[in-house]
Amino acid sequence: ALNAKMEGEATKILDDVERNWMRKVARDSFACAVKCYDKAGSNGPADALEQCAKNCQVPYQQASALVQQEVGQFQNRLNRNMQECQEKARDLITPGMENDPSKMAKIEQTLINCMSKQVDEHIKLLKPMKERITSALKNFK
């Protein structure tokens, strides 16, 4: 349930970035490449055409890398915090405790509470992440 909650919220943010920002950068890159082909016509040198088209893709590649970097940092941070929750729960287990269902249930609840808190905190971090991404993507217009 926690995974679905986090994934759902992240998907909303990333879909918005893709629809409202990345598509424009991609369209501009493809329009630029079409201009390269129009300019070269049937007589232009192939290497110049290829270089022109490659250059047109650079902004989209950079924008994609920027989004991937932000998302990667976000995921790494969430993973580290989830790992910390697991370690805290593991630290509460003492020898013989794994045979006591009541005590294990309390530790499991502690783990779930920790993870739930991390998910809620990271959902709050999605909006600032989106703002950083969209602010940087404004430079690709």
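One can find the structure itself at the top, above this paragraph.
All of the points below concern the structure found in this document. (Residues numbered from 1 in each chain as written. Predicted model: local features only at pLDDT ≥ 70, side-chain atom pairs only at ≥ 80, totals over all residues. Heavy atoms only, no water.)

## Quick notes on the overall build of the protein
- For the protein, the helix and strand inventory stands at 3 helices and 0 strands.
- For a compact globule of 141 residues, the expected C-alpha radius of gyration is about 14 Å, and the protein comes in at 24 Å, more than 25% above that figure.
- In terms of principal-axis extent, the alpha carbons of the protein reach across some 80 × 25 × 20 Å.
- Sorting the 141 residues of the protein into buried and exposed places 29% on the buried side.
- A separation of at least 24 residues holds for 81% of the contacts in the protein among residues at least 6 apart in sequence. (Helix = DSSP H or I, 4+ residues; strand = E, 2+ residues; numbered from the N terminus. Rg over C-alpha atoms; globule rule 2.2 N^0.38 Å. Buried < 20%, exposed > 50% of the residue type's maximum accessible area, 1.4 Å probe, protein only. Contact = heavy atoms within 4.5 Å.)

## A word on the side chain of Thr-134
- Along the chain, the position of Thr-134 falls in helix 3 (residues 101-137).
- Ignoring any residue separated from it by four or fewer positions in sequence, one finds Thr-134 in contact with Val-17 and Trp-21.

## Overview of the state of the cysteines
- Summed over the entire model, instances satisfying the criterion amount to 3 disulfides.
- In this model, Cys-32 is linked to Cys-56 through a disulfide, with the two sulfur atoms separated by 1.9 Å. Residues Cys-32 and Cys-56 are joined by a disulfide whose S-S torsion is about -60°; by sign, that bridge is left-handed. Residue Cys-32 is located in helix 1 (residues 2-40), and its partner Cys-56 is located in helix 2 (residues 46-92); the two are separated by 24 residues in the primary sequence.
- On the basis of relative accessibility, which here comes to 30%, the residue Cys-32 falls in the partly exposed class.
- Two residues share a disulfide in this structure: Cys-85 and Cys-114, whose sulfurs sit 2.0 Å from each other. As the torsion about the S-S bond is roughly -75°, the Cys-85-Cys-114 disulfide counts as left-handed. Linking Cys-85 in helix 2 with Cys-114 in helix 3, this pair joins segments that are 29 residues apart in sequence. (Disulfide = S-S within 2.5 Å.)

## Some thoughts on the packing of helix 2 against helix 3
- Running from amino to carboxyl end, helix 2 crosses helix 3 at an angle of 165°, the nearest separation of the two axes being 10 Å. With respect to helix 3, the element helix 2 is oriented roughly antiparallel. Relative to helix 3, helix 2 is oriented so that their crossing is right-handed.
- Residue composition of the contact of helix 2 with helix 3, grouped by class: 21 nonpolar, 5 polar and 3 charged. (Axes fitted to C-alpha atoms, helices over the stretch in contact; angles between N-to-C directions. Parallel < 35°, antiparallel > 145°, perpendicular 65-115°, else oblique. Left-handed = near helix turned anticlockwise from the far one by under 90°. Nonpolar A, V, L, I, M, F, W, Y, C, P; charged D, E, K, R; others polar.)

## Overview of helix 1
- If you check helix 1, its first and last C-alpha atoms are 54 Å apart, about what 39 residues at 1.5 Å a residue would give, namely 57 Å.
- At Met-22, helix 1 shows its largest kink, close to 40°.
- In this structure, the buried side of helix 1 is in contact with helix 2 and helix 3.
- Gly-41 lies just past helix 1 and shows a positive phi near 60°. (Expected span 1.5 Å × (residues − 1). Bend = angle between axes of the 7 residues up to and from the residue.)

## What to know about the layout of surface pockets
- Considered as a void within the structure, the largest pocket measures approximately 270 Å³ in volume.
- For the lining of the largest pocket, the elements supplying multiple residues, two or more each, are helix 1, helix 2 and helix 3.
- With 7 residues, the single largest contributor to the lining of the largest pocket is helix 1.
- For the lining of the largest pocket, the per-class residue count stands at 12 nonpolar, 3 polar and 1 charged. (1 Å grid on protein atoms, 1.4 Å probe; cavity = no way out; pocket = protein on both sides within 12 Å on 5 of 7 lines; lining within 4 Å. Points joined across faces, edges and corners; volume = space filled by probe spheres on them.)

## A short note on the packing of helix 1 against helix 3
- Close contact between helix 1 and helix 3 brings their axes to 9 Å; oriented N to C, the two are set at 5°. For the element pair helix 1 / helix 3, the angle class is roughly parallel.
- Across the contact of helix 1 with helix 3, the residue classes break down as 16 nonpolar, 3 polar and 5 charged.

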